[in-house]
Number of protein chains: 2
Amino acid sequence: MAVTIRDVAKASGVHISTVSRTFSAPHLVNPETRTRVLATAEELGYRPNRAARALITGRTHNIGLIVADIANPFFPPMIKAAETHARRRDYHVFVADTDEDPVVETDLVRALAKQVDGILLCSPRMSDDQIEQLRREVPLVVVNRLIDGLPAVVMDVGAGARSAVRHLVGLGHRHLVYLSGPRGSWTNREIRRAAGVAARAGGAELTVLGPHQPVSSAGADAAEAVLATGATAVLAYNDLMAIGLLQSLQDRGVAVPEQISVVGFDDIATSALVRPTLTTVANPTAAAGRAAVDMLLQQGDDGATGQVTLRTDLVIRNSTGPGPYAPAGATTAQVAAYAKE
Amino acid sequence: MAVTIRDVAKASGVHISTVSRTFSAPHLVNPETRTRVLATAEELGYRPNRAARALITGRTHNIGLIVADIANPFFPPMIKAAETHARRRDYHVFVADTDEDPVVETDLVRALAKQVDGILLCSPRMSDDQIEQLRREVPLVVVNRLIDGLPAVVMDVGAGARSAVRHLVGLGHRHLVYLSGPRGSWTNREIRRAAGVAARAGGAELTVLGPHQPVSSAGADAAEAVLATGATAVLAYNDLMAIGLLQSLQDRGVAVPEQISVVGFDDIATSALVRPTLTTVANPTAAAGRAAVDMLLQQGDDGATGQVTLRTDLVIRNSTGPGPYAPAGATTAQVAAYAKE
DNA sequence: ATGAAAGCGCTAACAC
DNA sequence: GTGTTAGCGCTTTCAT
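Thresholds applied
- Residues numbered from 1 in each chain as written.
- Chains lettered and ligands numbered in written order.
- Predicted model: local features only at pLDDT ≥ 70, side-chain atom pairs only at ≥ 80, totals over all residues.
- Heavy atoms only, no water.
- Helix = DSSP H or I, 4+ residues; strand = E, 2+ residues; numbered from the N terminus.
- Rg over C-alpha atoms; globule rule 2.2 N^0.38 Å.
- Buried < 20%, exposed > 50% of the residue type's maximum accessible area, 1.4 Å probe, protein only.
- Contact = heavy atoms within 4.5 Å.
- Areas by Shrake-Rupley, 256 points an atom, 1.4 Å probe, with all protein chains shown as cover.
- Least-squares fit on C-alpha atoms with pLDDT ≥ 70 in both.
- Salt bridge = Lys/Arg side-chain N within 4 Å of Asp/Glu carboxyl O.
- Near = heavy atom within 4 Å.
- Polar contact = N/O pair within 3.5 Å; in protein donor to acceptor, adjacent residues only side chain to side chain.
- Nonpolar A, V, L, I, M, F, W, Y, C, P; charged D, E, K, R; others polar.

### Some remarks on the overall build of chain A
Okay, so step 1: In terms of helices and strands, chain A carries 14 helices and 12 strands.
Okay, so step 2: Taking 20 Å as the expected radius of gyration for a compact globule of 341 residues, we find that chain A reaches 25 Å, considerably beyond that expectation.
Okay, so step 3: Summarising its shape, the C-alpha atoms of chain A cover approximately 85 × 35 × 35 Å along the three principal directions.
Okay, so step 4: Split into buried and exposed, the 341 residues of chain A put 56% on the buried side.
Okay, so step 5: Within chain A, residue pairs in contact and separated by at least 24 positions form 70% of the contacts whose partners lie at least 6 positions apart.
Okay, so step 6: Counting every atom, chain A has about 13900 Å² of accessible surface; 51% of that belongs to carbon and sulfur.

Pasting the structure below:
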């Protein structure tokens, strides 16, 4: 069996409670004793058993991170940032994938509840009611979704959508398509709404297509439908769909951005690797992961249930260009400024 | 506080051990009692505390998954598959990221050791000795690296490299470059060695460049050096580097595959999304994740320390084409067969 | 400053 | 088939 507190106590000639104190309340133990205990512990390779500690303190020093799809490139940077941030604060992270299934989400929260001090729910697909229910069973921070009274970290996708639409309208586009994401996605609803408002304000028409799975093949499959609308610009729920559409259009001989402009969402790594490079709304996913961890860990201290909104940024690359109503001689660079207003 | 076994016992009028048995050894309890206990447990929302159980059984039903870099697209499909597979077997998964740092790896294994039944070490960068040492402290399965006597799951990257080189030689290339990956990578050494042997066998020269970080910018930065060698084909350590190189070459006006052929490794999702689409050696990362989990969970049962090698597959796409010594009229399709030999 | 003792939630002999 | 008891590794009063 592994080395326990008892072994260290015996080897250093003190009671186990002294060893315990050496690790959990060092200031309460005589410096000399402490040094000795630490030395034997080191020598024996002793490491406190967190689970046993949790049993009595009620704090596991673990957190859960539940995401819709680990393999969706949107999430890994967030997972990485959250894990690194948590570990720096001496927390370990359970990661679980729901495969976009709301039922799995609920089960997972319950299954993890006892082993963690709190759970980060990223882009949950379940209903508000379900989330509120779970909130009573375990501390929760929701990422990418805003629910009254629940601590949350969201990106300002509404502002991002507005920037994107203004950018397109400024380029002279008057008929846009929004390629919807999955049902149940808060982000999707926000983008669609904000894009609609911004389009109306800009005197442009917005056709909504979908819902779609947030994958590149869905974007590729939507090419026909997009062309059928006669629109000259497309805003997609995420970069994956935008890239699928981008390549599918080009494979059909439709030039991007000459004939159709395409804007994505997220700014995943791939977006800078495809040609044309993708104009997209950058989401600060890593910062969101860190903020969510902080919020979760603070939740224990006070009862504050803050909601943080992180800003998004339109990244103008080469998949967007002048539309049919472009002011004479307008260039992408010129209208870029407009979107910033 | 949460509901415990004692609450259920009281509410259903039995002793706590009966409740315990109801969950851990149902066949030992009277069907009627069992039904009643289960009902009250359900009603009260009781869920066994795994940490408390682990304290006495010694089995946590958790596993650790340590990867070099969560954000590297090579890993997420593996993490996802491993997590899903583990959960299906009622195991939860700690995920941690070492940022390619061998010191962090060691610390992480030790920190996680007490909370898990075993650890999956993916693409570890530390030395064989260190890994063997850790192996004594906690059950380990190593992925993407072969060490004598240690249970491991690897992909047959040597065979993959040979296929790739034969493919290129068959296309008429006689001077190849291997773009090395990170120092400490077993996969990198294997590919380099196998590529060297295959090149020699095919009467071709192989120039090795590197080491490099396994990221796209490293591939892009290597473009000058690649051109300077005068080689007509490049095999890269991974797809990210291959894609970086691919785009950097094209941005410099060097046509791919007309002037230079490029082959990657891994077959990450992005490889099918860039243009030209990337010829690459597909790694069964998801299968590797599942196999590693199985191996880890079986390790407890018997002491078997198997080593599994998963086959790789050359996926021929559009980034490779005829070289200067191509047989007249040779097409990519024709020589594809050659690589399969 | 240190030791003694109780107990966190649970399982595993051992009785009956 | 069920209750009793001890104890997993640790923290936390309470004494001393």
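### Some details on the relation of the copies chain B and chain A
Okay, so step 1: When chain B is fitted onto chain A, the two copies agree to an RMSD of 0.1 Å after a turn of 180 degrees and an axial shift of 0.0 Å. Look at the turn and shift together and you get a two-fold axis relating the two. Relative to the rotation axis, the closest C-alpha in chain B is found at Phe94(B), a distance of 2.1 Å.
Okay, so step 2: The fraction of interface residues of chain B whose copies in chain A are also interface residues reaches 98%, indicating that both copies meet through the same surface.

### Here's the deal with the pattern of salt bridges
Okay, so step 1: Under the defined criterion, the tally for this structure stands at 28 salt bridges over all chains.
Okay, so step 2: Put simply, Arg89(A) and Asp294(A) hold a salt bridge, and the shortest N to O gap is 3.3 Å. With Arg89(A) in the loop between helix H5 (76–88) and strand S2 (92–97) and Asp294(A) in helix H13 (residues 285–301), the pair connects residues that are 205 residues apart, well separated along the chain.
Okay, so step 3: Arg275(B) serves as the salt-bridge partner of Asp251(A), at 2.7 Å between the closest nitrogen and oxygen. Residue Asp251(A) is found in helix H12 (residues 239–251), and its partner Arg275(B) is found in the loop between strand S9 (261–266) and strand S10 (279–282); the two belong to separate chains.
Okay, so step 4: Looking at Arg275(B), the relative accessible area reads 26%, which means it is partly exposed.
Okay, so step 5: Within this structure, Asp69(A), Asp97(A), Asp99(A) and Lys80(B) form a network of salt bridges that share partners.

### Things to note about unusual backbone geometry
Okay, so step 1: Following Val256(A), the chain continues into Pro257(A) via a peptide bond in cis, with omega recorded as 10 degrees.
Okay, so step 2: As for its position among the elements, Pro257(A) is in the loop between H12 and strand S9 (261–266).
Okay, so step 3: In this structure, the amide linkage connecting Gly210(B) to the following residue, Pro211(B), adopts the cis form with an omega of 5 degrees.
Okay, so step 4: Of note, Asp267(A) is a non-glycine position whose phi angle comes to about 60 degrees, a positive value.
Okay, so step 5: Within the secondary structure, Asp267(A) sits in the loop between S9 and strand S10 (279–282).

### Observations concerning the protein's contact with DNA strand C
Okay, so step 1: Of all residues adjacent to DNA strand C, which total 28 residues, the nearest are Arg21(A), Thr33(A), Ile5(B), Ser20(B) and Arg53(B).
Okay, so step 2: Among atoms of DNA strand C positioned within 4 Å of the protein, sugar and phosphate together represent 60%.
Okay, so step 3: In this structure, a phosphate oxygen belonging to DNA strand C sits 3.0 Å away from a main-chain N or O atom of Asn49(B).
Okay, so step 4: Elements with a minimum of two residues in the surface near DNA strand C: helix H2 (16–24) and helix H4 (50–57) of chain A together with helix H1 (5–12), helix H2 (16–24) and helix H4 (50–57) of chain B.
Okay, so step 5: Ranked by residue count, the leading element in the surface near DNA strand C is H4(B), at 5 residues.
Okay, so step 6: For the surface near DNA strand C, the residue count by class is 13 nonpolar, 10 polar and 5 charged.

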